[in-house]
Amino acid sequence: MKHADAVESTLRDGSLQLSWLARLIVAHTPDEMAEAIAALARARPGCSAACVMWGLDDRATRRCVPPNLPMATDEAWLLDAGRAAGPHWRADRQGVAIRLCEQPEPALLLLQLQSASADAGFFEELEAPLQLAGQHLRRALEWAELQDSHEQLERSENLQRALFAISDLAGSERDMPAMLRGIHAIVSTLMYAENFFIVLHNAEQDTIRFLYFVDVESPPPFEIGHDLPLSAIQHSLTWYVISDGNARMGDAEELRKQVTGPVTLIGPDSYDWLGVPMLRDAQPCGALVVQSYRPDVGFSDEDLALLEFVGSHILTALERKQGKEDLEHRVQLRTQQLAEANRGLQLEIVERQRAEHLQAALFQIAELATADIDQDAFYRRVHAAVGELLNAENFFIALLSDDRLRLTFPYSVDAVLAPPAERPLGRGLSEYVLRLGRALRVDNADIEELDRRGEIAPGRMGSPAMCWLGVPLIVADEVIGLVTVQSYRPDVVYGPADQELLSFVASQIANSLTRRRSAESLKRAYEQLEHRVEERTLALRKEIIERERMQDQLRHQVMHDSLTGLPNRSYLRDRIDRVLATIRREPQQRCALLYLDVDRFKIINDSLGHLAGDEVLKEVATRLAGCVRHPDLVARLSGDEFAILLEQEDLPPAATAVAQRVLDALGVPMLVAGKELQVTASVGIAIGDDHYTAADEVLRDADIALYRAKELGRKRFELFDETLAKNVVDVLALEGELRQALLHDQFEPYFQPICGLDGDGRVLGYEALIRWHHPQRGVLRPGDFLKIAEDSGLIESIDWRMFELSCRLLLRHGGDDTFMTVNVSALHLRHADFDRRLIQLLERTGLPPSRLVVEVTEGALLDNPERVRATLERLRTIGVGAALDDFGTGYSSLSYLHSLPLRILKIDRAFVQELDKGANTSSTTVVAAILALARALNIQVIAEGIETAIQHGALMAMGCEMGQGYLLGHPSPIAHWLEPRAIDA
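Model, not experiment: these values are computed from the prediction.

Participant: For the pairing of strand E5 (residues 107-113), give the residues involved together with the corresponding values.
Facilitator: Where burial is concerned, most of E5 is hidden: six out of the seven residues are buried. Looking at chain direction, strand E1 (residues 47-54) and E5 are connected through seven bridges and run antiparallel. Looking across to E5, one finds that methionine 53 is bridged to leucine 108. Of the strand pairs in this sheet, strand E4 (residues 95-101) and E5 are connected by six bridges, and their pairing is antiparallel. Paired with valine 96 across the bridge in E5 is leucine 111. Count of turn residues in the E4/E5 antiparallel hairpin: five residues.

Participant: So what's going on with the packing of aromatic side chains? Residues and values would help.
Facilitator: On inspection of all chains with the given rule, the structure shows 16 aromatic pairs. A connected cluster of aromatic rings, assembled from ring pairs, spans Phe197, Phe210, Phe213 and Phe222. Residue placement shows arginine 90 over the ring face of tryptophan 77; its charged tip is 5.7 Å from the ring centre. Over the face of the ring belonging to phenylalanine 819 we find arginine 903, whose NZ or CZ atom lies 5.8 Å from the ring centre.

Participant: How would you explain the confidence of the model for the protein if you had to name every residue and give the values?
Facilitator: When pLDDT drops low, the exact placement of atoms in the prediction is not to be read closely. Per-residue pLDDT for the protein has a mean of 81; in total, 91% of the residues score no lower than 70. Under a pLDDT of 50 for its full length, residues 1-13 has, in the predicted model, eight contacts with residues more than four places off or in other chains. Across residues 980-985 the pLDDT falls below 50, and counting only partners more than four positions away or on other chains, this stretch makes eight contacts in the model.

Participant: Explain unusual backbone geometry to me, and be specific about the residues and the numbers.
Facilitator: In the segment running from valine 65 into proline 66, the intervening peptide bond is cis, with an omega of -10°. Inspection of the secondary structure assignment puts proline 66 in the loop between strand E2 (63-65) and helix H4 (75-83). Of note in this structure, arginine 600 is not a glycine but carries a positive phi near 55°.

Participant: Provide a residue-level description of the environment of alanine 22, including the pertinent values.
Facilitator: Relative to the elements of secondary structure, alanine 22 occurs in helix H2 (residues 15-26). Once the C-alpha coordinates of alanine 22 and alanine 76 are considered, the two residues, 54 residues apart in sequence, prove to be 35 Å apart.

Participant: Account for the layout of surface pockets, naming residues and giving values.
Facilitator: Of the pockets and cavities examined, the largest pocket occupies roughly 830 Å³. Every residue lining the largest pocket is counted, 34 residues in all, and those nearest its centre are Glu767, Leu769, Pro782, Leu786 and Asn823. Its residues placed into classes, the lining of the largest pocket shows 15 nonpolar, seven polar and 12 charged.

Participant: Tell me about empty space enclosed by the protein, residues and numbers included.
Facilitator: Scanning all chains against the criterion turns up two cavities of 30 Å³ or more. As a volume, the largest cavity reaches approximately 360 Å³. Lining the largest cavity are 26 residues, and of these Thr238, Leu265, Ile266, Trp273 and Gln291 sit closest to its centre. Listing elements by their share of the lining of the largest cavity, those giving two or more residues are strand E7 (207-214), helix H7 (237-244) and helix H8 (252-257). Considering each element in turn, the lining of the largest cavity owes the most residues, three residues, to H8. For the lining of the largest cavity, the per-class residue count stands at 16 nonpolar, seven polar and three charged. Empty space within the second largest cavity amounts to approximately 30 Å³. What lines the second largest cavity is simply Glu796, Trp800, His828, His831, Asp833, Phe834 and Arg837. Broken down by class, the residue content of the lining of the second largest cavity amounts to two nonpolar, two polar and three charged.

Participant: Talk me through the sheet that holds strand E3 (residues 88-89); I want residue IDs and the actual numbers.
Facilitator: What the five strands build is an open sheet, ordered E2-E1-E5-E4-E3; its pairing is antiparallel. Strands at the two margins of the open sheet, each flanked by one partner only, are E2 and E3. Helix H3 (residues 30-42) rests against E1, E2, E4 and E5 of the sheet, and its axis sits at about 155° to E1.

Participant: Tell me about a nonpolar patch on the surface, and please be specific about residues and values.
Facilitator: On the surface, Leu522, Tyr526, Leu529 and Val533 cluster together to form a nonpolar patch covering roughly 350 Å² of accessible area. In this fold, leucine 522 is placed in helix H13 (residues 496-559).

Participant: Explain the pattern of salt bridges to me, and be specific about the residues and the numbers.
Facilitator: What the rule picks out here adds up to 36 salt bridges. A salt bridge links arginine 762 to aspartate 817; its shortest N-O distance comes to 3.5 Å. In this pair, arginine 762 sits in the loop between strand E25 (747-756) and strand E26 (763-774) while aspartate 817 sits in the loop between helix H21 (795-813) and strand E28 (819-823), placing the two residues 55 residues apart along the sequence. Since its relative accessible area comes to 45%, arginine 762 is described here as partly exposed. Judged by relative accessible area, which is 56%, aspartate 817 ranks as exposed. For the salt bridge of arginine 869 with glutamate 866, the shortest nitrogen-to-oxygen distance reads 2.7 Å. One end of the pair is arginine 869 and the other is glutamate 866, both in helix H25 (residues 865-878) and three residues apart, which spans about a single turn. Residue glutamate 866 is classed as exposed on the basis of its relative accessible area, which comes to 55%. Taken together, the shared-partner salt bridges in this structure form one network comprising Asp597, Asp599, Lys710 and Arg714.

Participant: Go over the nonpolar core with me, naming the residues and quoting the values.
Facilitator: Buried together is how nonpolar side chains tend to be arranged in soluble globular proteins. Formed by 47 residues in total, the largest nonpolar core has its most connected members in Met820, Val822, Phe834, Val854, Ile907 and Leu955. Top contributing element to this core by residue count: H21, with five residues. Leave out the neighbours within four places in its chain, and isoleucine 907 touches Phe887, Val912, Val927, Ile930, Leu931, Val941, Ile942, Ala943 and Glu944.

Participant: Provide a residue-level description of the environment of glutamate 961, including the pertinent values.
Facilitator: You can see glutamate 961 is positioned in the loop between helix H29 (949-957) and strand E33 (962-963). The spatial distance from the C-alpha of glutamate 961 to the C-alpha of histidine 383 is 121 Å, given a sequence separation of 578 residues. Glutamate 961 has contacts with Cys755, Gly756, Leu757, Gln940 and Val941, leaving out every residue within four places of it along the chain.

Participant: Please set out the packing of H21 against helix H23 (residues 834-845) residue by residue, giving values where relevant.
Facilitator: Contact geometry of H21 with H23 gives a least axis separation of 10 Å together with a crossing angle of 35°. The crossing of H21 and H23 is right-handed. Packed against H21, whose contacting residues are Trp800, Phe803, Glu804, Cys807, Arg808 and Leu811, the element H23 presents Phe834, Arg837, Leu838, Leu841, Leu842, Arg844 and Thr845 at the interface.

Participant: Residues and numbers for helix H28 (residues 922-936), please.
Facilitator: For H28, built from 15 residues, the straight-helix expectation of 21 Å at 1.5 Å per residue is met to within 8% by its first-to-last C-alpha distance of 21 Å. The secondary structure elements touched by the buried residues of H28 are strand E30 (881-887), strand E31 (904-907), helix H27 (909-913), strand E32 (940-943) and H29. Among the residues trailing H28, asparagine 938 stands out with phi positive, at a value near 60°.

Participant: Give a description of the sheet that holds strand E18 (residues 591-598) that names residues and reports values.
Facilitator: Read across the sheet, five strands follow the order E19-E20-E18-E23-E24 without closing on themselves; strand pairing throughout is mixed. The open sheet is flanked by strand E19 (633-638) and strand E24 (717-719), the only strands paired with a single partner. In this sheet, adjacent strand axes meet at a mean angle of 20° when their direction is disregarded. Relative to E24, strand E23 (residues 681-688) runs parallel, the two being bridged by three bridges. In the strand pairing of E24, isoleucine 685 is matched with leucine 719. Seen against the sheet, helix H14 (residues 569-585) touches E18, E19, strand E20 (641-646) and E23 and runs at an angle of roughly 130° to E19. Where helix H18 (residues 695-711) meets the sheet, it contacts E18, E19, E23 and E24, and its direction lies at approximately 145° from that of E23.

Participant: Give a detailed account of the side chain of serine 292, specifying residues and quantitative values.
Facilitator: The residue serine 292 is located in strand E11 (residues 283-292) in this model. Of the polar contacts made by the side chain of serine 292, one reaches the backbone oxygen of valine 297; its length is 2.8 Å. Contacts of serine 292, omitting those with residues within four sequence positions, involve Tyr192, Asn195, Ser270, Tyr271, Asp272, Val297 and Phe299.

Participant: Just give me the short version of a negative patch on the surface, but keep the residues and values in it.
Facilitator: On the surface, Glu145, Asp148, Glu151, Glu154 and Glu157 cluster together into a negatively charged patch. Among the structural elements, glutamate 151 can be located in helix H5 (residues 120-171).

The rules behind each value
In this numbering scheme, every chain counts its residues from 1 along its sequence in written order. A pLDDT threshold of at least 70 governs which residues receive local features in this predicted model, and a stricter bar of 80 or more applies before side-chain atom pairs are shown or counted, although totals over entire chains, interfaces and linings include all residues. Derived side-chain values reflect all non-hydrogen atoms in the structure, with water molecules and hydrogen atoms excluded from consideration. Residue exposure (1.4 Å probe, protein chains only): buried if accessible area is under 20% of the type maximum, exposed if over 50%, otherwise partly exposed. A helix here means a DSSP run of H or I that spans at least four residues, while a strand means a run of E at least two residues long, and both kinds are numbered starting from the N terminus. The criterion for strand pairing is that DSSP finds at least two bridges linking the strands in question. Each Phe, Tyr or Trp ring, with Trp reduced to its six-membered ring, pairs with another whose centre is within 6.5 Å; inter-plane angles below 30 degrees give stacked pairs, above 60 give edge-to-face pairs, and intermediate values give tilted ones. When the NZ atom of lysine or the CZ atom of arginine is within 6 Å of a ring's centre and also within 35 degrees of its normal, the charge is said to sit over that ring. Note on scores: pLDDT gives the predictor's confidence for each residue, bounded by 0 and 100. Only heavy atoms enter the contact rule, under which two residues are in contact if any of them lie within 4.5 Å. The definitions used throughout rest on a 1 Å grid laid over the protein atoms alone, on which a cavity is an enclosed set of points accommodating a 1.4 Å probe that cannot get out and a pocket is an open set flanked by protein within 12 Å on both sides along at least five of seven lines; lining residues are those having an atom within 4 Å of a point. Grid points are joined across faces, edges and corners, and a volume is the space filled by probe spheres set on the points. Throughout this entry, Asp, Glu, Lys and Arg are counted as charged residues, while Ala, Val, Leu, Ile, Met, Phe, Trp, Tyr, Cys and Pro are counted as nonpolar. The remaining residues, Gly among them, count as polar. Axis lines are fitted through C-alpha atoms, for helices just across the contact stretch, and the angle between N-to-C directions can take any value from 0 to 180 degrees. Here the term patch refers to residues with relative accessible area over 30% and no salt bridge, with like charges joined within 9 Å and nonpolar side chains (Val, Leu, Ile, Met, Phe, Trp, Tyr) within 5 Å. Surface accessibility follows the Shrake-Rupley procedure with a 1.4 Å probe radius. Residue values consider only the protein chains on display as shielding. What counts as a salt bridge is simple: a side-chain nitrogen of Lys or Arg found within 4 Å of a carboxyl oxygen of Asp or Glu. Among buried residues, those of type Ala, Val, Leu, Ile, Met, Phe, Trp, Tyr and Cys that are joined through side-chain atoms within 4.5 Å constitute a nonpolar core. Handedness of a helix crossing follows the sense of rotation of the near helix relative to the far helix, less than a right angle counterclockwise being left-handed and clockwise being right-handed. Given the number of residues in a helix, its expected span is that number minus one, multiplied by 1.5 Å. The term polar contact refers here to a pair of N or O atoms within 3.5 Å; inside protein, the definition further demands a hydrogen-donor-capable atom paired with an acceptor-capable atom, and it admits residues adjacent in sequence only when both atoms are side-chain atoms. In this charge count, Lys and Arg are treated as positive and Asp and Glu as negative; neither His nor the chain ends contribute. Charge coordinates come from a single atom per side chain, which is NZ of Lys, CZ of Arg, CG of Asp or CD of Glu.

Given below as structure tokens:
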């Protein structure tokens, strides 16, 4: 009671409050401030207990200063008080809570008051001090929170640095022990790890290996780095960690509770022990263990989590390091094996390197011979090349003068005494090498021996060397000098290999010197030649000017026609190519080529002579040039062929207009060789666009159009189109198909009956006509393919095939008295052996000659009448008859009838068709005359093309014996006319 009165008295005079403020000011931590605030409250009368509490949300981190106040366990009351703005009483009125601050977390002052003291004045007196204390407490809590965040961040950074350090250790060049010591040091930065060991587990072999062990109380229980069976540590704490993969932590008593079996201690018992597994794919591959023998040092859950986290990284680092060491060990073994195999190659490599150095030096010296450098630079580079092969600190090149009486030294480098620029020949070592003509390698003893024998003069021609090597320079078996190296030091001695190298080099130097001398001589000769060339240049300039003039004239002649002066075919093709190139760049552009030749020009040449023909061509050229304008081009291609190249926009109308102007201009008569000639021409036109790629294509299409114009009657122009191109292609295709038809036997003879014109109309014979069974187009008549067959040269082979087939078919199906006519062209009659071949065919087929009649046209008789007459006479001798076809339409005369051995005369259908017009026509008179003439000459007559009954009746009335035509029968396979019959064997 006396103490309470004393406190009250102190408060009244303010001394206790000042003391409390001083205590509050010096307080830094939340605990110190909370103790000061609780002391202030307890000093108030009626307060039996007081404490300060914060961290209300988490009971694990909640703080209460001083602790163990019973009412601090009322959770609901505390949470409500943390949200209340004023004093908050408990339900039993035994305690009250006052919120000191709200941030960074609510802090409460808990008071246990006596009921008599719980009045308003009690809280009013504490309001001001508690407000001040709450502000200081808030700052202290914020500062503590910052410190805690900083410590967490620092721990995270330490952990990250540790992981980076572990990764760096795994990739470093340190050996395994050094890396393990580094790992131990890193773990020591994270926790207490004075006693630390690492053990690895091989699950396949069920073995362990202690990689690292450091313990202040005990040496390693097993040999480090050697494999042990896992059973060697059975029931130890480490064994449990490896076996089930679970971490253990605690003292001996706690650890025994964490295992299901007995515990075997290996080494001294520790105060605290922590072991974590190193896992890979959830399987334990080893363990990390730290332990403490000090009661003041233990391990926490944070250390456990940290060591587990670090353990996986340590395992990865160990495996990487172990794998690297295993690889290095394998590489070392392989290296040893290769070293054994490589020893045999070392000498070869050394020799090859020596050869490569020598070759490189020789190449370098050889290149120097043609290098554009002066003589001094040449010698310096030669010295440098030799210096790469052997010691050449003292080096000189000596050459004999042209008179071989003096020795010159164009290059020398010597550390003691360089030779003079030149000197007379004496009896020195250099002269001795020149006399011998071979290399010399000597030392002091050898030099003294040469001196004693008198080979060299005394005094050695200068400062003596410890070792001297000289090699002669030889070209074409002649010594021209020598190259020398010498040594004044006992550690530099030249051996046989150096002598061999210098000998190789000397040969290259000699050749290089010779080439350079030759080059210098040639250079002097060139200088003299240049002087003469300059004198000659002025004269040549005039010749060049004249030659250029002649070349221009020649170029003009090459590209132009000598007769007309027009550009020729080469000039035209070049011009067309350039125009087509422009069209490809500008597809909208067009050109046109007019290809023309003079109609019937050969007649002019044959009639008036070639001089007159040349005059015609020159006049045609002049008129063509007058039909065009610039930049159009008129060219003469060859003979009477000309071309006009148009470069206009309005095409093809402009091209056809020019073509018409050309026809009109040439149509004007011209006076040549005293005669007035009217020349005509045929013109083919091709329009050039971007689908043409070359001049020859345009010329080809214009040529096709030209021939089309000729076929249509000449003196006209035709424009090329795709139809013309297709026709040309069709001709080529049809020619190929004709060859295939002949190969596959696609031709067949059709027979048209020849009937008697008397009352019974009996079939007397047949005319064999060719048909082609085309695989795609069906049966083709002769008009569809015979001209192409004649142009391609296939007509003879086709005819002979038809002759043979016709004979065989007639023999199989015809009667004994029926005959057959076959058409023979003038081409066959030109061959002297035609009759012989025909007779052989009859013998081969078995057809009697009397049943065969060959038809010839009047045109075939014009070629060589005597030969034709002889051929027909020989055929008549064996029984083969002859018929004159299309009589009355050709150039025949009556002499043919009595001079040729004819059996039949065939009246042309043109006369027969006119018989429809009546009995008093000229055709009736001609037919009657032919019949009368034939009777007089005892020649049978066949009228062709009988198609009407009127024609048939008229011919019967005039006494015509035989006839053929559609009225009597269409051409058909012979099976259509006759029944087959067997052939006698």
